[in-house]
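Chains, contacts and geometry: an overview
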Amino acid sequence: VSAAFVIMLATAGLHLYAVYAMQQVGDVTPDMIPAPSAQRDQTASPEANLSDEQMVEISDLMGKLKDNPNDSATLTALGDAFLKAQDWVRAEFFLSKAVLSKPSDTRSRYMLAIALYQQNKIGLTIKAFEELLAIEEDPAIMYNLAIIYKYQVNEPKRAVELFNKIIALPGAAPEIVAKAQNELK
């Protein structure tokens, strides 16, 4: 987990996971995480959300794809670049291809779930998170999924199962355990 990835997660509205990941990175402080109001304008064209540096990075990555169109690392990097630019549709496109290219890659799967969620594709978000949990039992992923079940699809039983699983999971970050316990009240 990199500092840039933590900040991207927070920008994408997944603040709890960003705090959890921040503990693993160590070089990110809470003041570095942008508030939700700092998100970019979604009414502008996707290119308007890209800095010159991001455009160069994306151009370089697209050049790499010409040589190897199924390179998982390049597809994931492109998805990450579009997530940072909050261009959810393009992020979904490249991350979907990355997952197909390397199904065991949990990072691309997680970022795909973020892109789907940001587009309000809740059913696909749930599927992406459930598939990710089948690979890796991460309490932050469980928490995000439980919140979706509880507040967006009205499946409180499934949410309770996940919150209880977080609480029982050895090594879960105390902040996530506390949040899960709070949700059960």
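Below or above, wherever it landed, is the structure these notes cover. (Residues numbered from 1 in each chain as written. Predicted model: local features only at pLDDT ≥ 70, side-chain atom pairs only at ≥ 80, totals over all residues. Heavy atoms only, no water.)

Comments concerning the overall build of the protein chain
Helices and strands together make up the secondary structure of the protein chain, namely 10 helices and 0 strands. Going residue by residue from the N terminus, the α and β elements of the protein chain occur as α-α-α-α-α-α-α-α-α-α. Expressed as a percentage of contacts within the protein chain between residues at least 6 apart in sequence, the contacts between residues at least 24 apart total 50%. With an accessible surface of roughly 9300 Å², the protein chain has 54% of that area assigned to carbon and sulfur atoms. (Helix = DSSP H or I, 4+ residues; strand = E, 2+ residues; numbered from the N terminus. Contact = heavy atoms within 4.5 Å. Areas by Shrake-Rupley, 256 points an atom, 1.4 Å probe, with all protein chains shown as cover.)

Thoughts on the environment of Y117
Within the secondary structure, Y117 is located in helix α6 (residues 106-118). Taking relative accessible area as the criterion, Y117 reaches 31% and is therefore assigned partly exposed. Taking C-alpha positions, Y117 is 9.0 Å from W88, a pair spaced 29 residues apart along the chain. Excluding residues that lie within four positions of it along the chain, Y117 makes contacts with I122, T125, I148 and Q152. (Buried < 20%, exposed > 50% of the residue type's maximum accessible area, 1.4 Å probe, protein only.)

Some remarks on the environment of L133
Mapped onto the elements of the fold, L133 is located in helix α7 (residues 122-135). Owing to a relative accessible area of 12%, L133 belongs among the buried residues under this scheme. Expressed as a C-alpha distance, the spacing of L133 and L145, which sit 12 residues apart in the sequence, is 9.6 Å.

What about helix α4 (residues 72-84)?
The terminal C-alpha atoms of α4 lie 18 Å apart, and with 13 residues this matches the ideal 18 Å at 1.5 Å per residue to within 8%. With 10 of 13 residues buried, α4 is to be regarded as a mostly interior element. (Expected span 1.5 Å × (residues − 1).)

Overview of helix α10 (residues 174-183)
Taken together, the buried positions of α10 are occupied by I176, V177, A180 and E183. Taken end-on, α10 shows its buried residues confined to a sector of 125 degrees, consistent with a single buried face. (Arc of directions from axis to C-beta.)

A closer look at the pattern of salt bridges
Side chains carrying opposite charge are able to pair once their charged atoms draw close together. Applying the stated rule across the entire model yields 10 salt bridges. Across the pair E161 and R158 runs a salt bridge whose closest N-O atoms are separated by 3.2 Å. One end of the pair, E161, and the other, R158, are both in helix α9 (residues 156-168), 3 residues apart, so they sit about a helical turn from each other. Here E161 falls in the partly exposed class, since its relative accessible area comes to 48%. With relative accessibility at 23%, the residue R158 sits in the partly exposed group. (Salt bridge = Lys/Arg side-chain N within 4 Å of Asp/Glu carboxyl O.)

Quick word on unusual backbone geometry
Here the phi dihedral of N120 falls at roughly 65 degrees; this positive angle occurs in a residue that is not glycine. Structurally, N120 can be placed in the loop between α6 and α7. For N154, which is not glycine, the phi torsion reads 55 degrees and is therefore positive. Among the residues examined, N154 registers a relative accessible area of 62% and is labelled exposed.

Thoughts on the nonpolar core
In terms of nonpolar packing, the biggest core is built from 47 residues, with L78, L83, F129, L145, L162, F163 and I166 touching the most fellow members. Breaking this core down by element, the ones donating at least two residues are α3 (52-67), α4, α5 (88-101), α6, α7, α8 (139-151), α9 and α10. The leading source of residues in this core is α8, at 8 residues. (Core = buried A, V, L, I, M, F, W, Y, C linked by side-chain atoms within 4.5 Å.)

Describing the side chain of E92
Here E92 shows up in helix α5. Residue class for E92 comes out buried when judged on its relative accessible area of 15%. For E92, the residues in contact, after removing those within four places along its chain, are L112, A115, L116, Q119 and K121.

By themselves, these observations are geometric and do not establish any function.
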